Amino acid sequence: MTKLIGQRVIASLLSLLGLMILVFFLSRLTGDPAVLFLPIDATEEMKSQFRTLHGLDLPLFEQFGRYVWDLAHLDFGESLRKARPAIDIVLEAYAWTLPLAGITMGLVVVAAVILGSLAAFNVGGFFDRLVSIVSLIGASAPDFWIAIVAIVLFSINLGWLPTSGVGTPWHWILPVSVLFIRPFGLIVQVVRGSMLSALSAAYVKTARAKGVKNLPLIFVHTLRNAMLPVITVIGDQAAALLNGAVIVETIFGFPGIGKLMIDSILQRDFNVVLAAIMVTAIAIFIMNVLIDLAYGLLDPRIRH
Amino acid sequence: MTDQSLSKTPAIAEPRSTSMLSMLWRDKLAFCSAVVLLLIVLCALLGPALLGDLATSQNLRGRNSPPFDLARGWAFFLGGDSLGRPMLARLIVAARSTMMVAAGAVVAALAVGALLGLVAGYMGKTTSQVIMRLADVIMSFPSLLIAVVVLYVLGPSIPNMILVLAITRIPIYLRTTRAEVLEVRERMFVQAAVVMGASHWRIIARHILPVVAPTLVTIATLDFAFVMLAESSLSFLGIGIQPPDITWGLMVSQGRPYLTTAWWLALWPGVCIVITTLALNLLSNWMRIALDPAQRWRLEARSTKDE
């Protein structure tokens, strides 16, 4: 287990480095921030002053060297847009995205495990078909479109929920619901499939013969054995949730990491983009390690 | 089981294509999906040539005209957009760019991914390790964010969209191909080919690829839906396809400012996306069984029961 995690750390560090180099040089190619940040009538002198101030006049490789040096001292640089440390801005955004993703994923897992198990138990029946259709539609619908249809329906026509922003618990309902749909559609299918094969095992017959009731049979005996493939998909989907967060946060004006990243890219705030990408990569890495640990917890055979 | 598949393949080549069709016809849901997809492909191929002018002709009196009204002609049956262009014609024309980006990305990712996967599975450990680590780098980050960064640098255009989406999807094909190759190359017929002195490329192309291909086609169908959703999302965010080109995702985004006054501008293109991805999902579900020799009896058994 330790060796496995050690290998993972090395592999992740390598991909993190690759990602950093790629994004650093790519983002420098997008154009000169001086043109964007200074007023249109700024003189050439003011522009060069701006570049000197932020170290943008140095050769590209020297800029990169300085960046890596600062990074080694845990300094992610300063945001051009807000004149504050980039890492602070990124962490503030994560303080919004983590609860959003956490609540969504929690609801998805609970709903998918319960509904998927019941569908597998009732295979071929009405409930099974209903879950299949709902999950298929959920996996097929574009999230940005669901978001704006939901805004028209619940915010504009019915006036039940706010259209965008944050502040009250009501503001969270639409973003969480929209973000819920896609991962739910995918995970419920995996739960169903995995549960189906687990239910055909011999120990299930034994338990049934001994008179175990249906509900304990599903949720006590079989579920734990059916969870391994489900955990894998949950991990993949938790990372993919960030894709959805970009869309949902942009539409609902939610001040999370997705919106921050889009805004920073559009405004050439390089340091924030880089910091956001690196924090995201680290977060995904931590989650992968947690998932590896969860395997060991669920299945003693993997532990050594 | 292994040598059987070798000797049978040429003999059943002809009746198999007809039996595939009749198998498709018997599964009504899959058949409908195939028909819907065929219609969309036809729209994409013929639409711009037949309706290109109609879809761009502005008609200020028809601005945001409501749907289900035949007074202005059939083209306005789904309403008019903010410049008075007929929605129905625009939806048909937009099918082309939507399909082109998705098909281009899927085909490119499939070709590169399958090739690398074949090499990684067939060659030694070092080559395999290098290729797999590269795939891990791509997989380790949310695809949409990679696409946003790269597109912003390269500039949004149809070839760049295809490039970016293809890169983010390569690992899927790579991993599947490699896993299958690792298993297939141990089988008897591959070893027989080695003994008979076949070259590496001949073994890969003639003996391994045909076994792996059905899985890849099934995944590609499903992936087509995913890529289409990704393209729509990027176009919706404003860093994908740019006007005057149109895709369904861009049309949703163009309809967004008129949500309160003209809901149909954003609704119809979304419905088109949902129908297409749903059809792709259903068809891929069917293909997973139909193209798998070990499971095909399920569909064939059902067909003999019907007759």
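Just so you know, these numbers come straight off a predicted model, no measurement behind them.

Visitor: How would you sum up the overall build of chain B? Please name residues and give values.
Guide: Along chain B, the regular secondary structure elements total twelve helices and zero strands. Tracing chain B from N to C terminus, the helices and strands come up as α-α-α-α-α-α-α-α-α-α-α-α. Counting over 307 residues, chain B shows a buried share of 48%. In chain B, of all internal contacts separated by at least 6 residues, the share reaching a separation of at least 24 is 69%. With an accessible surface of roughly 14900 Å², chain B has 67% of that area assigned to carbon and sulfur atoms.

Visitor: A description of the interface of chain B and chain A should follow, citing residues and the corresponding values.
Guide: Listed by partner, the interface residues are 33 residues for chain B and 36 residues for chain A. Both sides together, the interface formed by chain B and chain A hides about 3200 Å², and carbon and sulfur atoms give 82% of it. Broken down residue by residue, the surface that chain B buries against chain A is led by Phe 141, Tyr 152 and Val 153 of chain B, which jointly contribute 19%. The interface formed by chain B and chain A contains four residue pairs in polar contact (both at pLDDT 80 or more). Listing elements by their share of the side of chain B that touches chain A, those giving two or more residues are α6 (143-154), α9 (200-237), α10 (248-255) and α11 (264-290) of chain B. When residues of the side of chain B that touches chain A are assigned to their parent elements, the largest contribution, eleven residues, is made by α11 of chain B.

Visitor: With reference to specific residues and values, describe the pattern of salt bridges.
Guide: Residues and elements named next belong to chain A. Tallied over the full model, the rule gives five salt bridges over all chains. Here Asp 143 and Arg 182 are joined by a salt bridge, their closest N and O atoms 3.8 Å apart. Of this pair, Asp 143 sits in helix α7 (residues 143-157) while Arg 182 sits in helix α8 (residues 170-199), and the two are 39 residues apart along the sequence. Of the two residues, Asp 143 and Arg 182, neither departs from the other in class, the shared state being buried.

Visitor: I'd like a description of the packing of helix α4 (residues 87-122) of chain B against helix α7 (residues 158-184) of chain B, backed by residues and values.
Guide: Residues and elements named next belong to chain B. Packing of α4 against α7 brings their axes to within 5 Å, and their N-to-C directions diverge by 35 degrees. Judged by the sense of rotation from one axis to the other, the crossing of α4 with α7 is right-handed. A breakdown of the residues in the contact of α4 with α7 according to their chemical character gives 23 nonpolar, six polar and two charged.

Visitor: Break down the packing of helix α5 (residues 86-121) of chain A against α8 of chain A for me, with residues and values.
Guide: All names here are of chain A. Axis separation between α5 and α8 bottoms out at 6 Å; the angle between their running directions is 35 degrees. Both α5 and α8 take part in a crossing whose hand is right-handed. Looking at side-chain class alone, the contact of α5 with α8 contains 27 nonpolar, three polar and one charged residues.

Visitor: Quick rundown of helix α11 (residues 257-266) of chain A? Include the residues and the values.
Guide: The element α11 of chain A is largely enclosed, with a buried count of seven among its ten residues. The set of residues buried in α11 of chain A consists of Ile 257, Gly 258, Leu 260, Met 261, Ile 262, Ser 264 and Ile 265 of chain A. At its buried positions, α11 of chain A is contacted by α5, α10 (214-252) and α12 (270-298) of chain A together with α6 and α9 of chain B. Among the residues trailing α11 of chain A, Arg 268 of chain A stands out with phi positive, at a value near 55 degrees.

Visitor: Lay out the packing of aromatic side chains with the relevant residues and their values.
Guide: Under the defined criterion, the tally for this structure stands at five aromatic pairs over all chains. Here Trp 96 of chain A and Phe 254 of chain A contribute two aromatic rings whose centre-to-centre distance is 5.8 Å and whose plane-to-plane angle is 85 degrees, an arrangement assigned as edge-to-face. Of this pair, Trp 96 of chain A sits in helix α5 while Phe 254 of chain A sits in the loop between α10 and α11; the two residues are 158 residues apart in sequence, bridging distant segments of the chain. The exposure class of Trp 96 of chain A is partly exposed, given its relative accessible area of 32%. Using a relative accessible area of 0% as the deciding quantity, one classes Phe 254 of chain A as buried. When the centroid spacing of 5.1 Å and the interplanar angle of 90 degrees are considered together, the rings of Trp 172 of chain A and Phe 254 of chain A count as edge-to-face. Taken together, the residues Trp 172 of chain A in helix α8 and Phe 254 of chain A in the loop between α10 and α11 connect sequence positions 82 residues apart. Of the two residues, Trp 172 of chain A and Phe 254 of chain A, both sit in the buried class. Among the aromatic residues, ring-to-ring pairing joins Trp 96, Trp 172 and Phe 254 of chain A into one connected group. A cation over an aromatic ring shows up here: Arg 169 of chain B above the ring of Phe 226 of chain B, its NZ or CZ 3.8 Å from the ring centre.

Visitor: Now, about the domain arrangement of chain A: what can you tell me, with residues and values included?
Guide: When the domains of chain A are assigned, the result is domain 1 (2-72) and domain 2 (89-303). Between domain 1 of chain A and domain 2 of chain A, the C-alpha centre-to-centre distance is 33 Å.

Conventions adopted
Residues numbered from 1 in each chain as written. Chains lettered and ligands numbered in written order. Predicted model: local features only at pLDDT ≥ 70, side-chain atom pairs only at ≥ 80, totals over all residues. Heavy atoms only, no water. Helix = DSSP H or I, 4+ residues; strand = E, 2+ residues; numbered from the N terminus. Buried < 20%, exposed > 50% of the residue type's maximum accessible area, 1.4 Å probe, protein only. Contact = heavy atoms within 4.5 Å. Areas by Shrake-Rupley, 256 points an atom, 1.4 Å probe, with all protein chains shown as cover. Buried area = accessible area lost by both parts, 1.4 Å probe. Polar contact = N/O pair within 3.5 Å; in protein donor to acceptor, adjacent residues only side chain to side chain. Salt bridge = Lys/Arg side-chain N within 4 Å of Asp/Glu carboxyl O. Axes fitted to C-alpha atoms, helices over the stretch in contact; angles between N-to-C directions. Left-handed = near helix turned anticlockwise from the far one by under 90°. Nonpolar A, V, L, I, M, F, W, Y, C, P; charged D, E, K, R; others polar. Phe/Tyr/Trp six-rings, centres within 6.5 Å; stacked < 30°, edge-to-face > 60°. Lys NZ or Arg CZ within 6 Å of the ring centre and 35° of its normal. Domains from an automatic or database assignment.

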